[in-house]
Amino acid sequence: MRAFLLALPLASLLLLSTAAHAQPGPDDAWSDLKLWYRQPAETWQGALPVGNGRLGAMVMGGMAEERIQLNEETLWTGGPYDPSREGGAEALPEIRRRLFDGEFEQAHDLFGRTMMGIPYEQMKYQSLGDLRLSFPGHEEATDYRRELDLDAAVARVTYRVGDVTFLREVFSSPVDQVLVVRLTADRPRQLSFTAQLHGTRNPAHSNYGTDYFQMDGLPPDGLVVTGKNSDFLGIPGRLTYQAEAHAHAEGGTVSVDYRTLRVEGADTVTLFLAAATSFVDYKQVDGDPAARVAAVLSAVRDKPYPRLLADHLDAHRALFRRVSLDLGRAPDRPIDERLQALAEQPDPHLAALYYQFGRYLLISSSRPGTQPANLQGIWNEDANPWWDSKYTVNINLPMNYWPAEAGNLPETVRPLLQLVREVAVTGQEVARKHYGARGWVLHQNTDLWRAAAPMDGPSWGTWPVGGAWLTLHLWDHFRYAPDEAYLRDVYPLLKGAVTFFLDTLVEHPDYGWLVTAPSNSPENFPAWSGNGRFFDEVTGLYLFARTIAIGPTMDMQILRALFGAFADASERLGEDAPLRAEALDYQARLAPLKIGRHGQVQEWIEDWEDLEPEHRHLSHLWGLFPGEEITPETTPAYAAAARVTLERRGTGGCGWSYAWKTALWARLYDSERALHEFNAHLTQSSTPNLFSRCGRALQVDGTFGATAGLAEMLLQSHGGRLHFLPALPDLWPDGHVTGLRARGGFEVDLRWSDGRLDEATLRSNAGTPCRIRTDTPLSVTSNSRAVPVTFTDGLLAFDTQPGTTYALKMSDGN
Ligand code: FUC
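Residues numbered from 1 in each chain as written. Predicted model: local features only at pLDDT ≥ 70, side-chain atom pairs only at ≥ 80, totals over all residues. Heavy atoms only, no water.

So, the overall build of the chain
Okay, so step 1: Helix and strand counts for the chain stand at 19 helices and 38 strands.
Okay, so step 2: For 814 residues, the compact-globule estimate of 2.2 N^0.38 gives 28 Å, and the chain sits close to it at 27 Å.
Okay, so step 3: By principal-axis analysis of the C-alpha atoms, the chain measures approximately 80 × 70 × 50 Å.
Okay, so step 4: Within the chain, the fraction of its 814 residues that count as buried is 63%.
Okay, so step 5: The long-range share in the chain, meaning contacts at least 24 apart out of those at least 6 apart in sequence, stands at 70%.
Okay, so step 6: Counting only carbon and sulfur atoms, one obtains 50% of the accessible surface of the chain, whose full area is about 28400 Å².
Okay, so step 7: The average position of the 75 basic charges and that of the 102 acidic charges among the side chains of the chain differ by 2 Å. (Helix = DSSP H or I, 4+ residues; strand = E, 2+ residues; numbered from the N terminus. Rg over C-alpha atoms; globule rule 2.2 N^0.38 Å. Buried < 20%, exposed > 50% of the residue type's maximum accessible area, 1.4 Å probe, protein only. Contact = heavy atoms within 4.5 Å. Areas by Shrake-Rupley, 256 points an atom, 1.4 Å probe, with all protein chains shown as cover. Lys, Arg positive; Asp, Glu negative; His and termini not counted. Charge placed at Lys NZ, Arg CZ, Asp CG, Glu CD.)

Structure representation (structure tokens):
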């Protein structure tokens, strides 16, 4: 009886909370959204991620030994620094001369010597530490289950030892800014364990000692780690940090012996963990982590656990439940088994689960006021992570935000907006010093300190359109939710991005087109004569080949979109008519899209072969996705060429490459190829917890990209028109999705059966005219009254009123 009472409050609370959000979709569909396993994670990459955008944890789920690895998103190496290089622009004319004269190797070397930022590399994202729990006697447990409940944003571990069932729940509350570990047993006084809070060893500090962090007990019920971040590449570590955990036990005793916390004979224990660094912003590091941690802990100290959990659930579900996707029920099998069975056994629910996992991960790693999601989101256990776990802009950072707008999570884009605001400041210095130009520029990478210079070596760093690409995300944010005040706010960022290119585009001496020079088509190797393995003096590495190029197709596509966005924005705001005319003139003079000798979209200005034909990047298909200049309707020849390019690239590559291909095939309306890439991503390049992998590295980009790809299969809204179910695979004949967003300020629900749309519901938030691509006419009603429509050439059009809902159905006879 007592066990039942102990279990009741939590269960009933979860039910209550579910009822409070009885939005679209049956309740059992929400409860199906679990990643579950029959065993603890074998490696960190299989652990379950929780996060509130700032404070992240990976839960391994061990029985006798639990490891909860911790991250605080502002703990990076170094401190404020400026890698821009006075006089960097002096060699630019000579670099260009060499490029136009075909002296690519020499242009590469001169760029390396003169235009690279100093230091060449950026700062690294760091691990904060580990919460280690030891449960003596729990070695032999039964009925084990580990799950990540996406709808609750709670990781759970449960198992039985003898006749006692133990439950461990972990969540990171965005409301209280605290990580909560709740431990219960279904029999009284059965909970005994020890806890330690470990700092993360960092060999960049020193080979042997750990004088850079200190672990202490805080009697009567706490543990603390204090530390200092690492210097790197001559940039002094200027951050201090603190993490603190406190145990509140119901029943039993809590004691602290030196740096071990001991709980004995408790019924329930709640561990609160708070952490902070001294980071204030990219220029300032004089915050007080101890005061920040103390403020968080004193606010939660007397907050009843049910309230804490309910607030967490409400905050999470307010975002998470905006979109529901039903592709069928979940099989009663753990994820690892479902992944293994996927080749033989279709599992449509897994796609829906994955879609929601991507949204979960974005909510957990990017919230208003936090840093944007980095290469690993906010989850990193390593002092020397792959690619520094920073922000790579030539695909990875943009891809992180692909699912945000359509997935009804526009708030998650705010950290990206803030990053753009900041790199527009640091990038202004780089524009001036490295190019003698106005405006601002960001190259292929940035970090916590907003480095904007070319970094990592000329094979990567020559690419100047990173800022332009990110700026288009800000423009897209407006297109999904037209709002003049917002547009006015971000307009200077667009203008600064444009003016940089007005000053730096140069006329190609042979063709007369305007081109970027130098640049590269990330990170692919053109077969210009003599390109091949070489010793790169900047990186000190023998590299496969050089990448340097003139006016690569991707740059041209991004700049056409940027100039177009700027012209549209300036016209809406009634600003800068002369600059608008100039931007449109430049847009018209950019190197055009070309079809190469294989019938492919040409990647470079010359029709060079690829030294690595199946290269993972698909840069020259940017105009198909995420761009909009190639579509099967408006540019059928280029759409056909894009198909050739995709065929030639093959399947495979990094996780994010599969993800991009999923979206690209969806834009070509090839549902089966899109699904194939999605499934291949799951089986070939994902961890057991559905994170994407790139080589051995865990990366969030591919998870986010595949999430966006799934949305593109269900709803597209580029080029001024909506398209329902444009790439619906045969395996998803029946389904229902609610709450997807479309450009123009719409929210869309779709219900289909036998592979055909039954009905669509469209909520117009902005009152913009609606155009829908459809082979068959649809009847449109609002409040049961027929709405006048036109239907010509497969385009249904009608006017909408703001705040009004429209029901769309197959017209009679169809
Ligand atoms: C780009 C990719 C790599 C990796 C890195 C983080 O440079 O080409 O594959 O994803 O970013």
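Side note on the site of the ligand
Okay, so step 1: Every residue close to the ligand is listed here: Leu-375, Trp-387, Thr-392, Asn-394, Asn-396, Glu-523, Arg-616, His-617, Cys-654, Trp-656, Cys-694 and Gln-699.
Okay, so step 2: Contact between the ligand and Asn-396: an oxygen atom at 3.0 Å from a side-chain N or O atom of the residue.
Okay, so step 3: Interatomic distance of 2.2 Å between a side-chain N/O atom of Glu-523 and an oxygen atom of the ligand.
Okay, so step 4: Burial of the ligand by the protein chains amounts to 95% of its free accessible area of 290 Å².
Okay, so step 5: Looking at the shell around the ligand residue by residue, the class counts come to five nonpolar, five polar and two charged. (Near = heavy atom within 4 Å. Polar contact = N/O pair within 3.5 Å; in protein donor to acceptor, adjacent residues only side chain to side chain. Nonpolar A, V, L, I, M, F, W, Y, C, P; charged D, E, K, R; others polar.)

What about the sheet that holds strand E34 (residues 778-782)?
Okay, so step 1: Spatially, seven strands are ordered E17-E30-E31-E32-E38-E34-E35 in an open sheet, and the strand pairing comes out antiparallel. At either margin of the open sheet sits one strand with a lone partner, and together these are strand E17 (324-326) and strand E35 (785-786). (Pairing = 2+ DSSP bridges.)

Some thoughts on the sheet that holds strand E12 (residues 222-228)
Okay, so step 1: Here we have nine strands laid out as an open sheet, ordered E1-E6-E7-E8-E9-E16-E13-E12-E11, and antiparallel in their pairing. Each end of this open sheet is capped by a strand with a single partner; those strands are strand E1 (34-37) and strand E11 (213-218). Strand-to-strand twist in this sheet, taken as the mean axis angle between neighbours without regard to direction, amounts to 15°.
Okay, so step 2: Sheet analysis places strand E6 (residues 142-149) next to strand E7 (residues 154-161), joined by six bridges and oriented antiparallel. Looking at the pairing, Arg-145 lines up with Thr-158 of E7.
Okay, so step 3: The strands that helix H5 (residues 289-301) touches are strand E9 (178-185), strand E13 (240-250) and strand E16 (268-277); relative to E16, the one it contacts most, it runs at about 150°.
Okay, so step 4: Docked against the sheet, helix H6 (residues 305-320) engages E7, strand E8 (164-173), E9 and E16, running at close to 55° with respect to E8. (Axes fitted to C-alpha atoms, helices over the stretch in contact; angles between N-to-C directions.)

Here's the deal with the packing of aromatic side chains
Okay, so step 1: By the definition in use, this model includes 29 aromatic pairs.
Okay, so step 2: On the numbers, 5.6 Å between centres and 85° between planes, the contact of Phe-104 with Trp-608 is edge-to-face. With Phe-104 in helix H4 (residues 104-114) and Trp-608 in the loop between helix H15 (577-589) and helix H16 (636-649), this residue pair connects regions lying 504 residues apart in the sequence. No difference in accessibility class separates Phe-104 from Trp-608, as the two residues are buried.
Okay, so step 3: Ring plane angle 75° and centroid distance 5.4 Å describe the contact between Tyr-212 and Phe-213, whose orientation is recorded as edge-to-face. Summarising the burial analysis for this pair, Tyr-212 and Phe-213 share the class buried.
Okay, so step 4: Grouping aromatic residues by their ring pairs yields a cluster made of Phe-104, Trp-528, Trp-604 and Trp-608.
Okay, so step 5: A cation over an aromatic ring shows up here: Arg-359 above the ring of Phe-320, its NZ or CZ 5.5 Å from the ring centre. (Phe/Tyr/Trp six-rings, centres within 6.5 Å; stacked < 30°, edge-to-face > 60°. Lys NZ or Arg CZ within 6 Å of the ring centre and 35° of its normal.)

As for the packing of helix H12 (residues 466-480) against helix H14 (residues 553-573)
Okay, so step 1: Taken N-terminus to C-terminus, the directions of H12 and H14 make an angle of 40°; their axes are 10 Å apart at the nearest point. Classified by the angle their axes make, H12 and H14 are oblique. The handedness of the crossing between H12 and H14 comes out as left-handed. Packed against H12, whose contacting residues are Ala-468, Trp-469, Thr-471, Leu-472, Trp-475 and Phe-478, the element H14 presents Met-554, Ile-558, Leu-559, Ala-561, Leu-562, Ala-565, Asp-568, Ala-569 and Arg-572 at the interface.
Okay, so step 2: Looking at side-chain class alone, the contact of H12 with H14 contains 12 nonpolar, one polar and two charged residues. (Parallel < 35°, antiparallel > 145°, perpendicular 65-115°, else oblique. Left-handed = near helix turned anticlockwise from the far one by under 90°.)

Quick notes on the confidence of the model for the chain
Okay, so step 1: When pLDDT is averaged across the chain, the result is 95; 96% of the residues are at 70 or more.
Okay, so step 2: This stretch, residues 1-25, has a pLDDT under 50; its non-local contacts, to residues over four places away or in other chains, come to 33 contacts. (pLDDT = per-residue confidence, 0-100.)

As for the environment of Met-399
Okay, so step 1: Structurally, Met-399 is set in helix H9 (residues 396-400).
Okay, so step 2: When its relative accessible area of 0% is taken as the criterion, Met-399 is described as buried.
Okay, so step 3: When the C-alpha positions of Met-399 and Cys-694 are compared, they lie 14 Å apart, and in sequence the two are 295 residues distant.

Quick notes on the state of the cysteines
Okay, so step 1: Per the counting criterion, the structure on display carries one disulfide.
Okay, so step 2: What pairs with Cys-654 in a disulfide is Cys-694, and their sulfur atoms sit 2.1 Å apart. Residue Cys-654 is found in the loop between H16 and helix H17 (655-667), and its partner Cys-694 is found in strand E26 (residues 692-694); the two are separated by 40 residues along the sequence.
Okay, so step 3: The buried category is assigned to Cys-654, whose relative accessible area is 9%.
Okay, so step 4: Since its relative accessible area comes to 5%, Cys-694 is described here as buried. (Disulfide = S-S within 2.5 Å.)

Brief notes about the pairing of E1
Okay, so step 1: Here E1 shows no split at all, with Lys-34 and Trp-36 on one side and Leu-35 and Tyr-37 on the other all buried.
Okay, so step 2: Where E1 lies against E6, four bridges are found, and the strand directions are antiparallel. Within E6, the position partnered with Lys-34 by the bridge is Asp-149.

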